[in-house]
Amino acid sequence: MKGALTRFFHDRAGAAVLMLVALAAVWFAAENYPAQAVHVNRGLGLMSPNQWLPAGWISLGVNFAVNVAIALLMVYLNRAYNLLRGMSMLGPGMFLILQAATPDLMEGFYGGTLLAFLAIVVAAILFDAYGQPGQSRSVFLAFFLIALTAMTQYAAIGLIPLALIGCAQMRVLSCRTFVAALLGIITPAWILLGFGLIDYHNFILPTFTNFFSQLNTGEIVPLVATIGVTILLGITCLMGNFIRFLSYNSRTRACNGFMTVLMIGAALLAVFDFYQAYVYVPLLNCAVAYQMGHLFATHRTRASAIPILTIIIVYSALYLWNLTA
């Protein structure tokens, strides 16, 4: 029985069930406990993603669809670069479960969802450029996308040092690619200013408005506790994966290293940019779900179904706590 359940969690059917469970949880929350819309502009020059769509089912549907797209990109990265040394759908499925644990952040499209999607796209670009220092176009594209996203959500700035570390890990960092990165950072603002889409008078610096001031204490505690549990889970899984990472070849080790950098970076950004910690939650969930998927994929025993179920139960409890706070 345990063996069948373990296989189920790693199969497509298991990921599909986890996705449906997450969708049902988000739908139930939106129907019975609608979240308070947050209309804070956090772009450097363009409107923030949370203001792109009217609040309601359209925004929720788009947000969930992008989350599914992130899960599919996680599958693509593993298939294209064999990150897990095998096939498992557990990580993408658990990503959606972790996301559903904070229903208020799933009821509408916002900058956090966009940031997580961007990070996985950047990872795919850098993985493809591995060992090719002449790939200045790929580096330019990665930093261009980061800088463009920063125009609508300043939290994307935090990806710049992480992407530079990624370039070093992928062995593409050179004077030429460093210049390409700088040009990629400058180009979005240059284009937007040149076409008159933004005015330099309206170019705003990040405003550290306290998001949590809009919530009561009962709402803050479960959200912060959920972030803390996720960070602890990520550290635990990383410790379990560390020795395995060292045994891989240089390319697989570099790719897994960058996924680790994303997790650590998201955790640090959530702590130090506390006023906007909720924006880093999807990226943190994605990186932790990857570590979790890797751990259980490489330790695929009959009994591993028990800790997987335990994690699902813990996040179900966190979902109920966030829902009723």
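Every value quoted in this text rests on a predicted model; they were computed, and no experiment measured them.

## Quick word on the overall build of the chain
Turning to step 1, where the next piece is worked out: Looking only at helices and strands, one finds 12 helices and zero strands in the chain.
Turning to step 2, where the next piece is worked out: Start at the N end of the chain and walk to the C end: the helices and strands fall as α-α-α-α-α-α-α-α-α-α-α-α.
Turning to step 3, where the next piece is worked out: Taking 2.2 N^0.38 as the reference for a compact globule, 325 residues should give roughly 20 Å; the C-alpha atoms of the chain span a radius of gyration of 19 Å, in line with that estimate.
Turning to step 4, where the next piece is worked out: In terms of principal-axis extent, the alpha carbons of the chain reach across some 65 × 50 × 30 Å.
Turning to step 5, where the next piece is worked out: A buried classification covers 53% of the 325 residues belonging to the chain.
Turning to step 6, where the next piece is worked out: Within the chain, residue pairs in contact and separated by at least 24 positions form 84% of the contacts whose partners lie at least 6 positions apart.

## Topic: the packing of helix H2 (residues 12-32) against helix H3 (residues 57-81)
Turning to step 1, where the next piece is worked out: Taken N-terminus to C-terminus, the directions of H2 and H3 make an angle of 160 degrees; their axes are 12 Å apart at the nearest point. Regarding the angle of H2 to H3, the classification is roughly antiparallel. Both H2 and H3 take part in a crossing whose hand is right-handed. Of H3, the residues touching H2 (which contributes Arg-12, Met-19, Ala-22, Leu-23, Val-26, Trp-27, Ala-30 and Glu-31) are Trp-57, Leu-60, Phe-64, Val-68 and Arg-79.
Turning to step 2, where the next piece is worked out: Of the residues that constitute the contact of H2 with H3, the class distribution is 10 nonpolar, no polar and three charged.

## Overview of unusual backbone geometry
Turning to step 1, where the next piece is worked out: One non-glycine residue, Asn-82, lies in the positive phi region at around 50 degrees.
Turning to step 2, where the next piece is worked out: Along the polypeptide, Asn-82 turns up in the loop between H3 and helix H4 (90-100).
Turning to step 3, where the next piece is worked out: Of note, the phi angle at Arg-171 is positive, near 60 degrees, even though the residue is not glycine.
Turning to step 4, where the next piece is worked out: Checked against the element boundaries, Arg-171 lands in the loop between helix H7 (159-169) and helix H8 (175-194).
Turning to step 5, where the next piece is worked out: Using a relative accessible area of 51% as the deciding quantity, one classes Arg-171 as exposed.

## Observations regarding helix H6 (residues 136-150)
Turning to step 1, where the next piece is worked out: End to end, H6 covers 21 Å across 15 residues, agreeing with the expected 21 Å (1.5 Å per residue, within 8%).
Turning to step 2, where the next piece is worked out: Along H6, the residues that are buried comprise Ser-136, Ser-138, Val-139, Ala-142, Phe-143, Phe-144, Ile-146, Ala-147, Thr-149 and Ala-150.

## What to know about the nonpolar core
Turning to step 1, where the next piece is worked out: In terms of nonpolar packing, the biggest core is built from 105 residues, with Met-94, Phe-127, Leu-159 and Met-170 touching the most fellow members.
Turning to step 2, where the next piece is worked out: Counting residues per element, this core draws most heavily on helix H11 (residues 277-298), which supplies 16 residues.

## So, the side chain of Thr-298
Turning to step 1, where the next piece is worked out: Structurally, Thr-298 is set in helix H11.
Turning to step 2, where the next piece is worked out: The class of Thr-298 is buried, set by a relative accessible area of 17%.
Turning to step 3, where the next piece is worked out: Here the side chain of Thr-298 touches Leu-295 through a polar contact of 3.2 Å, landing on its backbone oxygen.
Turning to step 4, where the next piece is worked out: Setting aside its immediate chain neighbours within four residues, Thr-298 contacts Leu-84, Asn-241, Arg-244 and Tyr-248.

## Quick notes on the environment of Thr-6
Turning to step 1, where the next piece is worked out: For Thr-6, the position within the fold is in helix H1 (residues 2-10).
Turning to step 2, where the next piece is worked out: Take Thr-6: its relative accessible area is 3%, and that puts it in the buried class.
Turning to step 3, where the next piece is worked out: Sequence spacing of Thr-6 and Arg-300 is 294 residues, and the spatial spacing of their C-alpha atoms is 7.3 Å.

## A word on the environment of Ile-97
Turning to step 1, where the next piece is worked out: Mapping Ile-97 onto the fold places it in helix H4.
Turning to step 2, where the next piece is worked out: With relative accessibility at 9%, the residue Ile-97 sits in the buried group.
Turning to step 3, where the next piece is worked out: Each C-alpha atom of the pair Ile-97 and Pro-54 lies 25 Å from the other, and the pair is 43 residues apart in sequence.

## Details of the state of the cysteines
Turning to step 1, where the next piece is worked out: Enumeration according to the criterion identifies zero disulfides in this entry.
Turning to step 2, where the next piece is worked out: Cys-167 supplies the cysteine sulfur nearest to Cys-255, a cysteine that is in no disulfide, at a spacing of 13 Å.

How each quantity is defined
Residue positions are counted from 1 within each chain, in the order its sequence is given. In view of the model being predicted, local features appear only for residues whose pLDDT reaches at least 70, and side-chain atom pairs are presented and counted only at 80 or more, with totals across whole chains, interfaces and linings using the full set of residues. Here the side-chain values reflect all heavy atoms present in the structure, with hydrogen atoms and water set aside. Numbering of helices and strands starts at the N terminus; helices are DSSP runs of H or I of at least 4 residues and strands are runs of E of at least 2. Throughout, radius of gyration means the C-alpha value; the globule benchmark is 2.2 Å times the number of residues raised to the power 0.38. A 1.4 Å probe rolled over the protein chains alone gives each residue an accessible area, and that area as a share of the maximum for its type sets the label: buried under 20%, exposed over 50%, partly exposed in between. The contact criterion used is simple: two residues touch if any of their non-hydrogen atoms lie within 4.5 Å. Lines fitted to the C-alpha atoms define the axes, with helices restricted to the stretch that makes contact. Angles between their N-to-C directions range from 0 to 180 degrees. Here roughly perpendicular refers to angles of 65 to 115 degrees, roughly parallel to angles under 35, roughly antiparallel to angles over 145, and oblique to all remaining angles. Throughout, a crossing is termed right-handed when the near helix is turned clockwise from the far one, and left-handed when it is turned anticlockwise from it by less than a right angle. Gly is put with the polar residues, along with every residue not named as nonpolar or charged; the nonpolar set is Ala, Val, Leu, Ile, Met, Phe, Trp, Tyr, Cys and Pro, and the charged set is Asp, Glu, Lys and Arg. Every helix has an expected span of 1.5 Å times one less than the residues it contains. Side-chain atoms within 4.5 Å link the members of a nonpolar core, which is a set of buried Ala, Val, Leu, Ile, Met, Phe, Trp, Tyr and Cys residues. We define a polar contact as two N or O atoms separated by no more than 3.5 Å, with the added condition that, inside protein, one atom must be a possible hydrogen donor and the other a possible acceptor, whereas residues neighbouring each other in sequence contribute only through side-chain atom pairs. When two cysteine sulfur atoms are found within 2.5 Å, that pair is recorded as a disulfide.

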